[in-house]
Amino acid sequence: MDGAGISRRGFIGQARDTAVVALAAAGAAGSVLAQTGGGAGGSVVARGRPMPDGVSLPSSPLRPKRQDSVGYAVVGLGDYALNQMMPRFSRSERSHIAALVSGNPEKLRRVGDAYGVPADARYSYEHYERIAADTRIDAVYIVLPSGLHAEYAVRAFAAGKHVLCEKPMALNSADCERMIAAGERANRRLMIAYRVHFEPHNMEAMALMRRQAAGNIRFVRTEQLSRTDPKSRPAENWRIDRALAGGGPLEDFGIYGLQAALYLTGEMPEAITATTFQPRNDPRFAQVFASVASHLRFPSGAIAQLMTSYDSDGSNIAHVRGDTGALIMDPATGYEGHKMRLEGRESRDFSLGDPTVQFARQLDNFSDAVRDNATIRTPGAMGLRDVRLIEAIYAAAGTGSVVRLSPDGRMRR
Ligand code: NAD
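Please read these numbers as outputs of a predicted model, since none were measured by experiment.

### Focus on the packing of helix 4 (residues 173-186) against helix 9 (residues 380-399)
Logical step 1: Contact geometry for helix 4 and helix 9: axes closest at 9 Å, N-to-C directions at 170 degrees. As judged from the angle between their axes, helix 4 and helix 9 are roughly antiparallel. Between helix 4 and helix 9, the contacting residues are Ser173, Cys176, Glu177 and Ile180 on the first element and Gly380, Ala381, Gly383, Leu384, Val387, Arg388 and Glu391 on the second.
Logical step 2: Residue composition of the contact of helix 4 with helix 9, by class: 5 nonpolar, 3 polar and 3 charged.

Okay, here's the thing in structure tokens:
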């Protein structure tokens, strides 16, 4: 599961900018996340890190399958890029790795050699702008720490490239809006890499809920939980550094629980209450929350309870309870191993094939958008919507009162 391997990450992170994202204590109810503009303009900077654990590089270079295959520059060679996404380009129909961007020359060499990326298509962060002149690159895939997404997306658009950006889109809605505007100015496409929209169980769950297989939805409960290594410190782990990770678990994997609540109900919430917990004297949570819990009320009357934590026994579930049945997804939103059961009028367990097709199908949706102007299933507007909801959750927790929302996820004043 996204973020579950935090304790494995052995890099030395230092970037921190207290002016970019400030966590201001807000009494016993927890803390409010006051965001004043992260990413571009902030002093968080991209830095090279050692090779992550467990990487197995291909034994022979990958070749594009089609002449009109879209060439991607992979920006950030960390755990998710190297262990999940890059190997899955081989299963994509229309996407290939054309270039690499990293701050670690040794990683650039080893990964570049293994994937058959020419030496002159391996860029450092300092020379990122040079991708503009490289016609082998159609799009960038940004897989950097989240606080760097906005800056690297805006700069990619300025270089004339399309942008596939990892989730969360950015750490505040102003940066999301800046990314969308930059894409529109450059007339280039923007997609947020919410892979679960391409995963067979989640796609079937959306269809089942649309045809009311559990009746009218009354409750949704999601848990995205893991336990960060007790020895972990912000200087060694960007996920607990607020300038790079915002409030922590909600932006990291709790966002998938939030997404599930939206795509299972098919609605936008109209009211939110929330609680955060940030223990004192635990260096892991000096800058980010340990746990975030929120209640979302939808116009139909459905209520979602979302729980996410970096300090809990692991879990990754989405449960729906309707007035005539239930849908149980456990695990719900991981890389593989999905299990799904429908109970009620038509009870059954689902076995829908290999969940790992989600990675390549996501790539191909974006490549089809770049080449044929296809509709993007998870566009920038969806990323912005979710970041607005995250801001609303923190506002509700910080004030201890109900936050009411417009249909586009903006907080009502
Ligand atoms: P990671 O720490 O393993 O990799 C981060 C990469 O960024 C490394 O190559 C590192 O060298 C580089 N980097 C550049 N500047 C850095 C800095 N200042 N501090 C730390 N690293 C820096 O992280 P990851 O797990 O690969 O996550 C990267 C992105 O991918 C995040 O946005 C995360 O939310 C996203 N992600 C998405 C999923 C998913 O399921 N879609 C899963 C995991 C991660």
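Still more ground to cover, so stick around.
### Regarding the sheet that holds strand 7 (residues 162-165)
Logical step 1: Taken together, the 6 strands give an open sheet; going across it, the order is 5-4-3-6-7-8, and neighbouring strands pair in parallel fashion. Only two strands of the sheet have a single partner each, and these edge strands are strand 5 (122-123) and strand 8 (190-192).
Logical step 2: Strand direction decides the pairing type here: strand 6 (residues 139-142) and strand 7, joined by 4 bridges, are parallel. When the sheet's bridge partners are listed, Val140 is paired in strand 7 with Val163.

### Quick look at the sheet that holds strand 11 (residues 291-297)
Backbone hydrogen bonds are what pair the strands of a sheet, in a parallel or an antiparallel way.
Logical step 1: Pairing in this open sheet of 9 strands is mixed, and the strands run 16-15-14-13-9-12-11-10-17 from one edge to the other. Of all the strands in the sheet, the pair left with one neighbour each is strand 16 (348-350) and strand 17 (403-404).
Logical step 2: Pairing of strand 11 with strand 12 (residues 303-309) involves 7 bridges; the strand directions are antiparallel. Bridged to Ser294 within strand 12 is Leu306.
Logical step 3: Where helix 7 (residues 249-265) meets the sheet, its contacts fall on strand 9 (217-227), strand 11, strand 12, strand 13 (311-322) and strand 14 (325-329), and the angle it forms with strand 9 comes to roughly 160 degrees.
Logical step 4: Where helix 9 meets the sheet, its contacts fall on strand 10 (271-277), strand 11 and strand 17, and the angle it forms with strand 10 comes to roughly 70 degrees.

Calculation criteria
Residues numbered from 1 in each chain as written. Predicted model: local features only at pLDDT ≥ 70, side-chain atom pairs only at ≥ 80, totals over all residues. Heavy atoms only, no water. Axes fitted to C-alpha atoms, helices over the stretch in contact; angles between N-to-C directions. Helix = DSSP H or I, 4+ residues; strand = E, 2+ residues; numbered from the N terminus. Parallel < 35°, antiparallel > 145°, perpendicular 65-115°, else oblique. Contact = heavy atoms within 4.5 Å. Nonpolar A, V, L, I, M, F, W, Y, C, P; charged D, E, K, R; others polar. Pairing = 2+ DSSP bridges.

Treat this as a map of the structure, not an account of what it does.
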